[in-house]
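Okay, here's what each chain looks like letter by letter:
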Amino acid sequence: MCCSSLHIPTMIQNFDQQDYVSRCIWVNGPVIVGAGPSGLAISAGLKKQGVPFVVLERANCIASLWKNHTYDRLKLHLPKQFCQLPYFPFPDNFPEYPTKVQFIDYLESYAKHFEITPRFNESVQSAKYDETCGLWQVKTISTSGSNWGEVEYICRWLVVATGENAEKVVPEFEGLQDFGGSVMHACDYKSGESYQGKRVLVVGCGNSGMEVSLDLCNHKAIPSMVVRNSVHVLPREVLGRSTFELAVLMMKWLPLWLVDKILLIIARLLLGNIEKYGLRRPSMGPLKLKNTQGKTPVLDIGALERIRSGEIRVVPGIKRFSRGRVEFVNGENLEMDCVILATGYCSNVPSWLKVGTPTEFITL
C-alpha cells in the first residue's frame, strides 16, 4: 500500500436508503489532493524516498482534465523535455510535441511504474489546519461503491496538486438564455466535425480559443473569435527551436525585462503587425504578465494565418445575445448558430482550503 493508515472505529447510519459510512483515517505521511501530473510527480518523489502518502482524486481516473475535458486535436504546447515528469522520461519514439493520447498514455505508465494508486471518487470538502495539535483535517465525500460516505483524513502535511484549471469559468452574458443555439464551454468541445457550415462564436482568444477556432476552420465551420482584451501572440518556434526553450535559455543570462523585449522583437519579425487584425498587445511583456497576473501568452500553431486570410473573424467584446444573434460593443450585430466559451478555468482551492500554517502545506 501507499500509506500506513490507522482506521478509527466506523460509524454507520441509514441515509437515503444507502449505507452511509463516516470514517476517520490517520495518514502517516502527506495527503496529496489531485492525481494530475503534479500529484503524480510528488507521489513518485515520495515513493523513491520511502515516505508513505495518500493521493485523493475526485474523478475516477488520473489526469481527468486531460482525459475528459480536452479537445481531440490537443498537443502539448511545449517540447516534451519541459513536460516530462521526474525519474521517467518520455519514450524516445514520441514526437517533439506529444498528442493528448500520447501524454495520457505516458501518465498512466508513470503511475503504473511507481505503483501510485490514488483513492478515486473522493472529493475534498474542506481542509483545515489545527494549530493546537499541528495536524491537518481533510474531509472528503467518497462516492466509490460500498465506501460511499464521509471520510476524514488526519495528517501532518498537505500537498495541494489540483492545478489552476479545476473549474471552468462561465461568464454571464445578457440574453444568453434567449440565444436558442448550442452553447458549451471549451472543456466539453471535442472536435469541429459536427460544426461544418455553421457560424460559431468562440468567446476567448487564449490558447484554447485560438486552437478551437483553428479546428473549426479545418472542419469547414465559420468561426468568429471574441477578442475583448489585449493578448500576446508568440511564434511557437524560432528557427526550428521552441520559443519557450529560447526564453528559458535567455533567462539564465539576461533580466526578465530584456528577455521580454527580445521576444516581442522576434514576434514582430516573424508574425508581423498583428494589431491590424484586432489583436492588441498588452503594455506589459509576456513573461512579466505571466509572472504577475498568470496570463499565458498564445503560442501560435496556425490560427494567425487563418485570421489573416479572414477564415477566422476577430470581433470585439459582447454586448448582448438575442435569438440566434449576438450584438457587440461596437454596435455590430451578427447571426450565430453556436457559441463555444473558451473563457478559461480557475482553481477550486479557495472553496475548501482553510487558512493554515504556510509551512505545513504546499500548492502546485
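This structure is a prediction, so every number in the text was calculated from the model and none was measured.

### Observations concerning the overall build of the protein chain
When you go through the protein chain residue by residue, the secondary structure sums to 9 helices and 23 strands. Judged by the C-alpha coordinates and their principal axes, the protein chain covers about 65 × 55 × 40 Å. In the protein chain, of all internal contacts separated by at least 6 residues, the share reaching a separation of at least 24 is 65%. Counting only carbon and sulfur atoms, one obtains 52% of the accessible surface of the protein chain, whose full area is about 18,800 Å².

### Description of the nonpolar core
Core analysis: the biggest nonpolar cluster contains 40 residues, and Y106, Y110 and L216 have the highest contact counts within it. Among the secondary structure elements, those contributing two or more residues to this core are α1 (37-48), α3 (100-113), β11 (199-203), α4 (207-218) and β21 (338-341). For this core, the element with the most residues is α3, which contributes 6 residues. Every residue in contact with Y110, bar those within four places of it in the chain, is listed here: L40, A41, A44, L85, P86, Y87, F88 and I116.

### Observations regarding the state of the cysteines
Per the counting criterion, the structure on display carries 0 disulfides. Free cysteine C61: the closest other cysteine sulfur is in C187, separated by 14 Å. Judged by its relative accessible area of 11%, C61 falls in the buried class. A disulfide-free cysteine, C205 has its sulfur positioned 15 Å from the sulfur of C217, the nearest such atom.

### Re a nonpolar patch on the surface
Together, F82, F244 and V248 make up a nonpolar patch on the protein surface, roughly 210 Å² of accessible area in all. Along the chain, V248 turns up in helix α5 (residues 243-251).

### Considering α4
With 12 residues, α4 extends 16 Å between its outermost C-alpha atoms, agreeing within 8% with the 16 Å of an ideal straight helix rising 1.5 Å per residue. Most of α4 sits inside the fold, with 10 of its 12 residues counted as buried. Within α4, burial applies to N207, G209, M210, E211, V212, S213, L214, D215, L216 and C217. At its buried positions, α4 is contacted by β11, β12 (222-226), β13 (233-235), β16 (298-300), α8 (303-309) and β21. Downstream of α4 by one or two residues, K220 has phi in the positive range, about 60°.

### Focus: the pattern of salt bridges
In total, this model carries 13 salt bridges according to the counting rule given. Residues D188 and K168 are paired through a salt bridge, measuring 3.8 Å at the closest nitrogen-oxygen approach. Note that D188 is positioned in the loop between β10 (182-185) and β11 and K168 in strand β9 (residues 167-168), a separation of 20 residues in sequence. Take K168: its relative accessible area is 43%, and that puts it in the partly exposed class. Ionic pairing is found between K319 and E327, a salt bridge with its closest N-O pair at 3.9 Å. Classification of E327 by relative accessible area gives buried; the value is 17%. Overlapping salt bridges, with partners in common, bring together E174, K319, R320 and E327 in one network.

### Considering the environment of N348
By secondary structure assignment, the location of N348 is in the loop between β22 (345-346) and α9 (349-352). Considering only alpha carbons, one finds N348 and A166, 182 residues apart in sequence, at a separation of 5.9 Å. Beyond its immediate stretch of four places on either side in the chain, N348 contacts R58, T162, A166 and E167. Separated by 3.4 Å, the side chains of N348 and E167 make a polar contact.

Thresholds applied
Residues numbered from 1 in each chain as written. Predicted model: local features only at pLDDT ≥ 70, side-chain atom pairs only at ≥ 80, totals over all residues. Heavy atoms only, no water. Helix = DSSP H or I, 4+ residues; strand = E, 2+ residues; numbered from the N terminus. Contact = heavy atoms within 4.5 Å. Areas by Shrake-Rupley, 256 points an atom, 1.4 Å probe, with all protein chains shown as cover. Core = buried A, V, L, I, M, F, W, Y, C linked by side-chain atoms within 4.5 Å. Buried < 20%, exposed > 50% of the residue type's maximum accessible area, 1.4 Å probe, protein only. Disulfide = S-S within 2.5 Å. Patch = residues over 30% accessible without salt bridge, like charges linked within 9 Å, V, L, I, M, F, W, Y side chains within 5 Å. Salt bridge = Lys/Arg side-chain N within 4 Å of Asp/Glu carboxyl O. Expected span 1.5 Å × (residues − 1). Polar contact = N/O pair within 3.5 Å; in protein donor to acceptor, adjacent residues only side chain to side chain.

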